[in-house]
Amino acid sequence: SARTTRQEGNNELSATVSNLARRWWRSKNKHSKGSSKETNSLMAVDTMKQQLTKVLADDEALINKKLPKELLLRIFSYIDVVSLCRCAQVSKAWNILALDGSNWQRIDLFDFQKDVEGPIIENISRRCGGFLRQLSLRGCQSIADGSMKTLAQLCPNVEDLNLNGCKKLTDASCTAFSKHCSKLQKLNLDSCSAITDNSLKALSDGCPNLTHINISWCSNITENGVEALARGCRKLKSFISKGCKQITSRAVICLARFCDQLEIVNLLGCSNIRDEAVQALAEKCPKLHYLCLSGCSALTDASLIALAQKCTLLSTLEVAGCSQFTDAAFQALARVSLFSDKDNVSKNLNLEFKQSCRYLEKMDLDECVLITDATLIHLAMGCPRIEYLTLSHCELITDEGIRHLSMSPCAAENLTVLELDNCPLVTDASLEHLISCHNLQRVELYDCQLITRVGIRRLRVSWQYHSWILLIFRLLQNHLPNIKVHAYFAPVTPPPSAGGSRQRY
């Protein structure tokens, strides 16, 4: 059967080349006449086809003689899955080399998710064996526990597993990983809705090297599972649990206590989280640089103040929907304080400025409805690296705040994306202030009722003029300013008519 498959592959490739050659010859001689020329062209194509078939089918082809198998094997190691399968159909020698387990250390089957079923995974497991290090089955919804048990048994050295969207998997799969895959470091169980606390308990027992785990939208997981995971997997650096509403502050406190190497924490939609949980993360996890608390609406300023004091490496902060945060919290994040060496306080020597979160590059403040222009003033002064700033639905932001932001060195050099959707007090004046932001690439202005088409047109014209000023510098960087403004202009609502009913749009 293998020989038949290879022969079919050879025939298909030969036919493709033959057809291409015929088309090329015909296009070249479309104006020439005479049957002799056509006959000669057909003979040339047939000769090419015979030579190609001989080269592909002959294991003693020149490439196989000139290049040692070790070098061919190394070349194959850089080829993707589809190309490897095609190479396996070229000849017997290439079949052996292409299907060698060492070439199948990293496999991503996302492009074939609809076709991947259990037997395919089992065949891959047998073929790869101990060579397999990384496997992505993202979106392969037909995969069940039986295939994962085979994988765990035959591929004990796997380190990175992406099972995002494999909804048929249950705790039995994680139990198998726990028994056989002690080297597992990264596990993505996003949207595996049948997973429960038993999976996390099993992983804590058998996978002590786990550093990254994603249990987003696994709605059956509770604080008990997270606590067990934290106690057994103390090397965790990334914990993502979007939409896990049963996770409480107690679970996060336990996570912070035992996993002090955490760098990435995503608690989006975990609405039961309180200030004490964030305070524990800030106290115990000084390496934290990515934190998402969006949808944790019970949090107050105390959370951000704790982060400002302890998490100085924070680069991404997402707090969309945290409606209790005020200007005071963001002032703490951007605070610039003066300190000195204790031994030289009296002499005022070695004075330095210390910024709380000076590495902040991305902030999502969507629906932080209590913040005002004061927040923008503080960010402009204390967060010089901000590139992405979302202020949508912050209804107290005005042109004055945008003016302070645009005048700051951080905005002029680094700001690339600014989102101002549903900011009713922002007018065309803000767009004029943004002209000084040299690297601005996108502005979101949906439902900003005081923004006009004239203001947007003026911004673009000003940017075109401004781009000429910076032309020399941008050419050296092979980049020209090209700002995108996204806005929506709703139809103007007419005044109520005398008849009573108003026309709807």
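Note that the structure is predicted; figures quoted are calculated from it, not measured.

1. What about the overall build of the protein?
Secondary structure assignment for the protein yields 21 helices and 16 strands. Residue burial in the protein is summarised as follows: out of 505 residues, 45% are buried. Look at the contacts in the protein between residues 6 or more apart in sequence, and 78% of them connect residues 24 or more apart. In the structure as shown, the protein presents an accessible area of about 26200 Å², 52% of it carried by carbon and sulfur atoms.

2. Side note on the pattern of salt bridges
Between side chains of opposite charge, a pair can form when the charged atoms approach closely. Per the stated rule, a full pass over the model turns up 8 salt bridges. Across the pair Arg 250 and Glu 227 runs a salt bridge, and its minimum N-O distance is 2.6 Å. Of this pair, Arg 250 sits in helix H12 (residues 249-258) while Glu 227 sits in helix H11 (residues 223-232), and the two are 23 residues apart along the sequence. Residue classification places Arg 250 among the partly exposed residues on the basis of a relative accessible area of 45%. Salt-bridge contacts for Arg 442 lead to Glu 419; the nearest nitrogen and oxygen are separated by 3.6 Å. Placement of Arg 442 in strand S15 (residues 442-444) and of Glu 419 in strand S14 (residues 417-419) is noted, with a sequence separation of 23 residues between them.

3. What to know about the packing of aromatic side chains
For the structure on display, the rule yields 2 aromatic pairs. An angle of 75° between the planes, with centres 5.4 Å apart, marks the rings of Phe 76 and Trp 94 as edge-to-face. You can see Phe 76 sitting in helix H4 (residues 69-76) and its partner Trp 94 sitting in helix H6 (residues 92-98), a full 18 residues away along the chain. Here Phe 76 matches Trp 94 in class, with each residue buried.

4. Quick look at the environment of Lys 287
Here Lys 287 shows up in the loop between helix H13 (275-284) and strand S8 (290-292). Between the C-alpha atoms of Lys 287 and Leu 313, which are 26 residues apart in sequence, the distance is 6.5 Å. Excluding its chain neighbours within four sequence positions, the residues that come into contact with Lys 287 are Gln 261, Leu 262, Glu 263 and Leu 313.

5. Some remarks on the layout of surface pockets
The computed volume of the second largest pocket comes to approximately 290 Å³. Around the second largest pocket sit 17 residues that line it, and Ile 79, Asp 80, Asn 103, Arg 106 and Ile 107 are the ones nearest its centre. When residues of the lining of the second largest pocket are traced back to their parent elements, those giving at least two are helix H5 (81-87) and strand S1 (106-108). Looking at the lining of the second largest pocket residue by residue, the class counts come to 8 nonpolar, 4 polar and 5 charged.

6. Concerning the side chain of Glu 419
What makes Glu 419 buried here is its relative accessible area of 13%. Leaving out residues up to four positions away in the same chain, Glu 419 has contacts with Tyr 388, Leu 389, Thr 390, Leu 391, Ser 392, Arg 442 and Glu 444.

7. Some remarks on unusual backbone geometry
Its identity is not glycine, yet His 393 carries a phi of approximately 65°, on the positive side. With respect to the helices and strands, His 393 occurs in the loop between strand S13 (388-390) and helix H17 (399-407). The exposure class of His 393 is partly exposed, given its relative accessible area of 27%. Positive phi values are uncommon outside glycine, yet Asn 422 reaches one of about 55°. Within the fold, Asn 422 resides in the loop between S14 and helix H19 (428-433).

8. A short note on H12
In terms of burial, H12 is largely enclosed, as 7 of its 10 residues are buried. Those residues of H12 that sit buried are Ser 249, Ala 251, Val 252, Cys 254, Leu 255, Ala 256 and Phe 258. In this structure, the buried side of H12 is in contact with H11, strand S6 (238-240) and H13.

9. As for the packing of H13 against helix H14 (residues 301-310)
Interaxial distance between H13 and H14 falls to 8 Å at its minimum, and their mutual angle equals 5°. Judged on the interaxial angle alone, H14 and H13 are roughly parallel. Along its contact with H13, which presents Asp 275, Val 278, Gln 279, Ala 282 and Glu 283, the element H14 presents Ala 302, Ser 303, Ala 306, Leu 307 and Lys 310. Of the residues assigned to the contact of H13 with H14, the class counts are 5 nonpolar, 2 polar and 3 charged.

10. Observations concerning the confidence of the model for the protein
The share of residues in the protein with pLDDT of 70 or more is 76%, and the mean pLDDT across the chain is 83. Between residues 337-353, whose pLDDT stays under 50, and residues either more than four places distant or in other chains, the model counts 20 contacts. Segment residues 467-480 is flagged for pLDDT under 50; beyond a separation of four residues in sequence, or across chains, it makes 8 contacts in the model.

11. As for a positive patch on the surface
Together, Arg 231, Arg 234, Arg 257 and Lys 284 make up a positively charged patch on the protein surface. Residue placement: Arg 257 occurs in helix H12.

12. A word on helix H10 (residues 197-206)
Across the 10 residues of H10, 7 count as buried, placing the element largely inside the fold. Every buried residue belonging to H10 is among Asp 197, Ser 199, Leu 200, Ala 202, Leu 203, Ser 204 and Gly 206, and all of these are buried. Lining the buried residues of H10 we find helix H9 (171-180), strand S4 (186-188), strand S5 (212-214) and H11.

13. As for the environment of Arg 126
Mapped onto the elements of the fold, Arg 126 is located in helix H7 (residues 118-128). With a relative accessible area of 53%, Arg 126 lands in the exposed category.

14. Looking at the side chain of Asp 301
As for its placement among the helices and strands, Asp 301 is situated in helix H14. No salt bridge is formed by the buried Asp 301; its nearest oppositely charged neighbour, Arg 335, is found at 10 Å. There is a polar contact of 2.4 Å between the side chain of Asp 301 and the side chain of Thr 326.

Thresholds, definitions, all that
Position numbers for residues start from 1 in each chain and track the written sequence from start to end. Reporting in this predicted model follows two pLDDT cut-offs: at least 70 for local features of residues, and 80 or more for side-chain atom pairs to be given and counted; totals over whole chains, interfaces and linings ignore these cut-offs and use all residues. Side-chain numbers here rest on the full set of heavy atoms in the structure, without hydrogens or water. Strands here mean DSSP runs of E at least two residues long; helices mean DSSP runs of H or I at least four residues long; both are numbered from the N terminus. For the exposure calls, accessible area comes from a 1.4 Å probe over protein chains only, and a residue counts as buried if that area is under 20% of its type's maximum, exposed if over 50%, partly exposed in between. Contacts are assigned to residue pairs that have any heavy atoms within 4.5 Å of one another. Computed by Shrake-Rupley with a 1.4 Å probe, the accessible areas treat only the displayed protein chains as cover when residues are assessed. Within this document, salt bridges are pairs made up of a side-chain nitrogen of Lys or Arg and a carboxyl oxygen of Asp or Glu, the two lying within 4 Å of each other. Centre distance within 6.5 Å is the pairing criterion for rings of Phe, Tyr and Trp, where only the six-membered ring of Trp is used; planes under 30 degrees apart are then read as stacked, over 60 as edge-to-face, and the remainder as tilted. Cavities and pockets were defined on a 1 Å grid built from protein atoms only: a cavity is a group of points that admits a 1.4 Å probe but offers it no way out, a pocket is an open group of points flanked by protein on both sides within 12 Å along at least five of seven lines, and a lining residue is one with an atom within 4 Å of any such point. Grid points are joined across faces, edges and corners, and a volume is the space filled by probe spheres set on the points. Under this grouping Gly is polar, as are all residues other than the nonpolar Ala, Val, Leu, Ile, Met, Phe, Trp, Tyr, Cys and Pro and the charged Asp, Glu, Lys and Arg. Interaxial angles span 0 to 180 degrees and are taken between N-to-C directions of axes, which are lines fitted to C-alpha atoms, for helices over the stretch in contact. Angles below 35 degrees are treated as roughly parallel, those above 145 as roughly antiparallel, those between 65 and 115 as roughly perpendicular, and all remaining angles as oblique. Values of pLDDT, the confidence the predictor places in each residue, fall between 0 and 100. Patch membership is restricted to residues that have no salt bridge and whose relative accessible area is over 30%. Joining uses 9 Å for like charges and 5 Å for the nonpolar side chains Val, Leu, Ile, Met, Phe, Trp and Tyr. His is not counted here, nor are the chain ends, while Lys and Arg score as positive and Asp and Glu score as negative. By convention, the charge on Lys lies at NZ, on Arg at CZ, on Asp at CG and on Glu at CD. Each polar contact in these results corresponds to two N or O atoms within 3.5 Å; when the atoms are within protein, one needs to be able to donate a hydrogen and the other to accept it, and residues that are neighboring in sequence are counted only if both atoms are side-chain atoms.

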